[in-house]
Amino acid sequence: MKKKKNPWPLANTGLLKMIKMMRFTIFIVLVSLTQTFAVNSYSQQTKLNFDLRNTRVEDVIDQIERNSEFFFLYNRNLIDVDRKVDIKAENESVREVLEKMFQGTDVSFTIKDRQIMLAKIQTEGNQPNVQQASVTGRVTDTAGLPLPGVTVLVKGTTTGTITDGDGRYSLSNVPPNTILVFSFVGMQSSEVEVAGQGTINITMKEESIGLEQVIVTGYQTQRRADLTGAVGVVEVDKIKEMPTGNAIKALQGRLAGVYITTDGNPGSFATVRIRGGSTMGSGNNNPLYIIDGVPTTGGIEQLNPNDIESMQVLKDASSASIYGSRANNGVILITTKKGQQGVSKVEFSSYATIQHYANKLDVLNTYDRGLVNWQAAINDGNTPTSAIYTYDWHRDESGKAILDRILLPEFIDPAQTMRPADTKWYDEVSQQSLIQSYNLTFSNGNEKSNTLFSLNYYDHDGIIKETNSNKITARINSDYRFLDGKLKVGENLTISRVKNAEIPVGDVMYLALVQQPVVPVYSVDGGWGGPAPGMTDRHNPVRLIEQNKQNESRTARVFGNMYADLEIIKGLNYRSNFGIDYTQNYYRKMDYSYESGFLISDISRVTTSQWHNIAWTWSNTLNYKFEKGKHNIDIVVGTEAIKAEYESFYGSREGYVIEDPEYMFLDSGTEKILNGGSGAGNSLFSYFGKVNYVFDQKYLASVTVRRDGSSRFGKDNLYGTFPAFSVGWRLSEEDFFKEALPQFSNLKFRAGWGITGNQEISNEAIYSIYRSDYGIDPTWDFDSGTAYDITGADSGPLPSGFRKIREGNTGLKWEEATQTNLGIDFGLMHQKLYGSFDYFFKETKDILIEPPYLAVKGGGGNQWVNGATLENKGWEFVLGYNTKLGNGLEIDLTGNISSYKREVTFLPNEVLTGYPGDPSTGKSGAFRPGSLRLYSRRYF
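Criteria and thresholds
Residues numbered from 1 in each chain as written. Predicted model: local features only at pLDDT ≥ 70, side-chain atom pairs only at ≥ 80, totals over all residues. Heavy atoms only, no water. UniProt positions renumbered as here; feature names shortened; annotations may be inferred. Helix = DSSP H or I, 4+ residues; strand = E, 2+ residues; numbered from the N terminus. Buried < 20%, exposed > 50% of the residue type's maximum accessible area, 1.4 Å probe, protein only. Contact = heavy atoms within 4.5 Å. Areas by Shrake-Rupley, 256 points an atom, 1.4 Å probe, with all protein chains shown as cover. Pairing = 2+ DSSP bridges. Axes fitted to C-alpha atoms, helices over the stretch in contact; angles between N-to-C directions. pLDDT = per-residue confidence, 0-100. Parallel < 35°, antiparallel > 145°, perpendicular 65-115°, else oblique. Nonpolar A, V, L, I, M, F, W, Y, C, P; charged D, E, K, R; others polar. Salt bridge = Lys/Arg side-chain N within 4 Å of Asp/Glu carboxyl O. Arc of directions from axis to C-beta. Phe/Tyr/Trp six-rings, centres within 6.5 Å; stacked < 30°, edge-to-face > 60°. Lys NZ or Arg CZ within 6 Å of the ring centre and 35° of its normal. Polar contact = N/O pair within 3.5 Å; in protein donor to acceptor, adjacent residues only side chain to side chain. Core = buried A, V, L, I, M, F, W, Y, C linked by side-chain atoms within 4.5 Å.

- Per an unreviewed UniProt entry, the protein goes by SusC/RagA family TonB-linked outer membrane protein and derives from Gaoshiqia sediminis.
- For the record of the protein, the UniProt heading Subcellular location (unreviewed entry) holds the text "Cell outer membrane".
- Among the UniProt annotations of the protein, the heading Sequence similarities (unreviewed entry) holds the following wording: "Belongs to the TonB-dependent receptor family."

Topic: the overall build of the protein
Move 1: Secondary structure assignment for the protein yields 11 helices and 47 strands.
Move 2: Taken over 940 residues, the protein has a buried fraction of 44%.
Move 3: Taking as baseline every contact in the protein between residues at least 6 positions apart, the subset at least 24 positions apart corresponds to 66%.
Move 4: As presented, the protein carries roughly 47,700 Å² of accessible surface, and 53% of it is formed by carbon and sulfur atoms.

A closer look at the sheet that holds strand β11 (residues 190-193)
Move 1: The strand order across the open sheet formed by four strands is β8-β7-β10-β11, and the pairing between neighbours is antiparallel. Sheet topology places β8 (160-162) and β11 at the edges, where each strand pairs with a single neighbour. Averaged over all neighbouring strand pairs, the angle between strand axes comes to 20°, with direction disregarded.
Move 2: Where strand β7 (residues 151-154) and β8 come together, three bridges link them in antiparallel fashion. In the sheet register, V152 faces β8, and the bridge partner there is T161.

Focus on the confidence of the model for the protein
Move 1: When the pLDDT values of the protein are averaged, the result is 82; 86% of them are 70 or greater.
Move 2: Averaged pLDDT values over the elements of the protein bottom out at 38 in helix α1 (residues 14-38) and peak at 95 in helix α10 (residues 541-546).
Move 3: Ignoring residues within four places in sequence, the model shows residues 124-130, a span with pLDDT below 50, making 10 contacts including any to other chains.
Move 4: In the model, residues 921-940 has pLDDT below 50 throughout and makes 48 contacts with residues more than four positions away in sequence or in other chains.

Structural notes on the environment of N265
Move 1: Tracing the sequence through the fold places N265 in the loop between β16 (258-261) and β17 (271-274).
Move 2: Here N265 falls in the buried class, since its relative accessible area comes to 15%.
Move 3: Distance from N265 to P504, taken between C-alpha atoms, is 9.8 Å for residues 239 residues apart in sequence.
Move 4: Once residues within four sequence positions are removed from consideration, N265 is found in contact with K249, T467 and V505.

Section: the packing of helix α3 (residues 57-66) against helix α4 (residues 94-101)
Move 1: It is at 12 Å that the axes of α3 and α4 come closest, and there the two elements cross at 175°. With respect to each other, α3 and α4 are oriented roughly antiparallel. Residues V57, V60, I61 and I64 of α3 lie in contact with α4, whose contacting residues are V94, V97 and M101.
Move 2: In terms of residue class, the contact of α3 with α4 is made up of seven nonpolar, no polar and no charged.

Quick look at the pattern of salt bridges
Move 1: Throughout the structure, instances matching the rule amount to 41 salt bridges.
Move 2: Here E876 and R275 are joined by a salt bridge, their closest N and O atoms 2.7 Å apart. Remark: R275 occurs in the loop between β17 and β18 (288-291) and E876 occurs in strand β45 (residues 869-884); sequence separation between them is 601 residues. Both residues of the pair, E876 and R275, belong to the buried class.
Move 3: A salt bridge links D565 to R575; its shortest N-O distance comes to 3.4 Å. Linking D565 in strand β29 (residues 552-569) with R575 in strand β30 (residues 572-591), this pair joins segments that are 10 residues apart in sequence.
Move 4: What makes D565 buried here is its relative accessible area of 17%.
Move 5: Salt bridges here are not isolated pairs; linked through shared partners, they connect R56, E58, D59 and D82.

Overview of α3
Each full turn of the α-helix corresponds to 3.6 residues, which orients residues three or four apart in the same direction.
Move 1: For α3, the complete set of buried residues consists of V57, E58, V60, I61, Q63 and I64.
Move 2: Looking at the buried side of α3, the elements it contacts are β1 (48-56), β2 (71-73), β3 (84-92), α4 and β5 (115-120).

Looking at α4
Move 1: Taken residue by residue, α4 has V94, V97, L98 and M101 as its buried positions. End-on, the buried residues of α4 take up no more than an arc of 95°, which puts them together on one face.

Brief notes about the packing of aromatic side chains
Move 1: According to the stated counting rule, one finds 21 aromatic pairs in the structure shown.
Move 2: With a centroid separation of 6.1 Å and 75° between ring planes, the pair formed by W374 and W393 is classed as edge-to-face. In this pair, W374 sits in helix α7 (residues 366-379) while W393 sits in strand β23 (residues 390-395), placing the two residues 19 residues apart along the sequence.
Move 3: Taking relative accessible area as the criterion, W393 reaches 24% and is therefore assigned partly exposed.
Move 4: Summarising the aromatic geometry, the rings of F695 and Y699 are spaced 6.1 Å apart at their centres and angled 15° between planes, so their arrangement reads as stacked.
Move 5: Judged by its relative accessible area of 26%, F695 falls in the partly exposed class.
Move 6: Among the residues examined, Y699 registers a relative accessible area of 34% and is labelled partly exposed.
Move 7: A network of ring pairs unites the aromatic residues Y219, Y323 and F688 as a single cluster.
Move 8: We note K471 situated over the ring of Y458; from NZ or CZ to the ring centre the distance is 5.4 Å.

Looking at the side chain of D825
Move 1: Summarising the element assignment, D825 is placed in strand β41 (residues 815-828).
Move 2: For D825, the side chain forms a polar contact with the side chain of R750, separated by 3.0 Å.
Move 3: Leave out the neighbours within four places in its chain, and D825 touches N746, L747, K748, R750, G835 and S836.

Some remarks on unusual backbone geometry
Glycine aside, residues mostly have negative phi angles, and peptide bonds mostly take the trans form.
Move 1: In this model, R275 sits at a positive phi of 55°, which is unusual for a non-glycine residue.
Move 2: In the Ramachandran plot, Q416 falls in the positive-phi region, its phi being about 55° despite a non-glycine side chain.
Move 3: Along the polypeptide, Q416 turns up in the loop between β24 (401-407) and α8 (425-429).

Remarks on the sheet that holds strand β20 (residues 308-314)
Move 1: Across the sheet, which stays open at both edges, the five strands sit in the order β15-β20-β21-β18-β19 with mixed pairing between neighbours. Taken across any chain shown, the strands that pair with only one partner, and hence form the sheet edges, are β15 (231-234) and β19 (294-296). The mean angle between the axes of side-by-side strands here comes to 20°, regardless of whether they run parallel or antiparallel.
Move 2: Bridging between β20 and strand β21 (residues 331-336) involves six bridges; their strand directions are antiparallel. Across the sheet, residue Q312 finds its bridge partner in β21, namely L333.

Section: the pairing of β7
Move 1: Every second residue of β7 is oriented toward a common face, with T151 and L153 on one face and V152 and V154 on the other, all of them buried.
Move 2: In this structure, β7 lies alongside strand β10 (residues 179-183), joined through four bridges in antiparallel fashion. Pairing of L153 across the sheet is with V181, part of β10.

Some details on the nonpolar core
Move 1: Ranked by internal contacts, the top residues of the largest apolar core, which has 29 residues, are I388, I412, V429, V508, V518 and M535.
Move 2: Listed by contribution, the elements that provide at least two residues to this core are α7, β24, α8, α9 (505-514) and α10.
Move 3: Examining the composition of this core, we find that four residues originate from one element, α9, more than from any other.
Move 4: If we ignore the near neighbours within four places in the chain, the residues touching V518 are T366, I388, Y389, L408, I412, R419, P420, A421 and M535.

Considering the side chain of K315
Move 1: By the element assignment, K315 lies in the loop between β20 and α6 (317-320).
Move 2: A polar contact is formed between the side chain of K315 and the backbone oxygen of A256, at a distance of 2.9 Å.
Move 3: Non-local contacts of K315, meaning those with residues more than four positions away in its chain, are made with A230, G232, A256, V258, I274, R275, Q819 and E876.

A word on the environment of E734
Move 1: Looking at where E734 falls in the secondary structure, it is placed in the loop between β37 (719-730) and α11 (735-740).
Move 2: A relative accessible area of 8% places E734 in the buried class.
Move 3: Sequence separation between E734 and Q697 is 37 residues, and the spatial gap between their C-alpha atoms is 9.6 Å.
Move 4: With residues up to four places along the chain from it excluded, the contact list for E734 reads K698, Y699 and W729.

Structure representation (structure tokens):
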């Protein structure tokens, strides 16, 4: 089949993509500049549109701020922001809106560009009937810069004002013996006695930041200041700055104790290890991901990073045990964005990034390789010989070998098709990479519902030629409120399609390193270059790329949840959440025949495979929050059911007359018709509960218990129980400490203990499995057949015979990890300098492992057992500095260092044969009785 020649040679290159992207970007910039020059006065030009009924004044203000660049300054003690209003704006200015909202009230407003200050109008009715005095002054920060918008209030009254743009204020009718209260968002409130003073200037100090942040910790939310477990909080805005389609890759180096590794392939996954993992052997050390309350163990690369609202990492057992048997390797919680009440917004963002090799390995060229070969032979006292090189050399009077020249043959192969070359294999397989991303988001909200829709297109051409990952992701999140807001019903749904070029990147990179430079890319007749006689059988990496570029995998995924949240009584909420995770994958692999040096294959084969995985989760929780005096209690109890099913099949044929993707479908093959398939499933049912307690904002405690039942274990060990507790003491909130060391804005001691589990084994591990097969009489492999068809058809029902392929173990029990965590959080100078230190010790017992077995046992000896004990201990240190400069700049520096060591401390007798050496004597480079060190790493 003859292919049409592409008349546009740039059409399939990253250059044309770059040109199109730049053209679009220039258009956006020109439009933005045109809009910028058209603005004379922001407050006059900005028009507002909304229709709000029975809405609090504060909510109207929030809508204006979120839908514009205005920001409000006011004091809640002076302004009644809980008053409900009906207000409609149709292409109106902010002044017109405010006049409507505050008409007939005692509130005045001042607009200075984007700053709006609200104040209470002083009247005779609210002026104190005392000797009149006037107080003026200026409010500044610690850098001496003025603070506009500071609320100045006469304590115990509603008399007050707000500082102007220069930080100045003026109050009349101030009693001489009263106290003025100065307050401002982000600053510590100050109280000053008037004592007859006419001028009072004060300097306000910054408030501690970050401690009031509310984060998700598993079926609940907590203030960051109240955390007692080892929880890492991700700054989502920072990871969005990274040009990657996988948000997990952007975590690299950002969280202590979280280790991310990737291979650079555009379609590759990110390997995540939290504190080194907990299991060994073929066990799964991947963390559990919870996205909007739905658990999953993979496919995070299909999530649009722009959709992420918050991300937390639960690293120790006291914080993660609420997820029980799936939390052995830590938990990553992800919450996606929602629409905001009173805000209608359209956002578009895009970026383009070019990548290239920062450093290439400096490998030997053709001459240098011949020289090294000659020198190695001389050093060994041998006569230099080579199947490729001819050496012209002699010895001088002292006997020293002198190389005169290196000669190469006209052809390096007997067929005389390959001339000697000086191939730079890295240059032949690599290219400049281009990454493009375009993101469009629509969001809207009112008093009854919120909606967000996003669409993302991501395309990544890899550094290795022909590698590519193309992804389209769509998301819709919405919620609706009924019964005066007491019932909330919503959904979070994402649909994604990913297409990856299936180039064997690992093989290509290895071959580019080891293939000899004397081998040409192409032969003189236009064929493939390859190894010649006397060389090792290493493939031509360029051929691997070219003959695999037609192979691709396509993955489609539907992931999301529906939920209902009902406030039964004040503080008591019932929530039901149903989640689904459906993934389908299609892969078509075409193997072409080739002749590359002495490597020859006449196989022309197609293998088509497809699999799908569906999992659903149904969780029901009751959450009760109670606060009275100095006591704050948060209780959650619930149940969760999970069911997962997997099915796959494949078909393969050989003998294709034409090697072309448009022809090579299964029905065109004529030889070796093969097919197969598999299926599996498992389920999990759980009860859980957790109590968080805070007393006087100083003393913290948390208790958790979860009980999981898994279909992967026998009836005697069906359920596992996973308890945990943690305590904390905020020393910085003690009065004596504040007086002695006021520099500390935060000092908290934490301690936690807990047990987590693992059930990641084969679904049929407790069963002995038998299977019947036709004998195939292979040339090299062991014939596993149990019956033979004397007619040679090898089809139809088997007359007899079964073979065992797995030995069951009904006594399997849960793998359990017991972990202790000790930590300290600190902050100085109002959190300008902040950090934490954690020490952890984890012991994993009854590790689930499938060891090799002695051949004398015969076929079907594979068996899962509880096999080993593993210790994992280490420490983590985080230090950061954050400050705002007077010119509007902000400095934010964060660094972390961590270390861990994994060590096997016990191996039962039944698995000793799976490890090299003699346990009785300890003669082994890998194992000695009592200790097998697996990893010891430090990360900066």
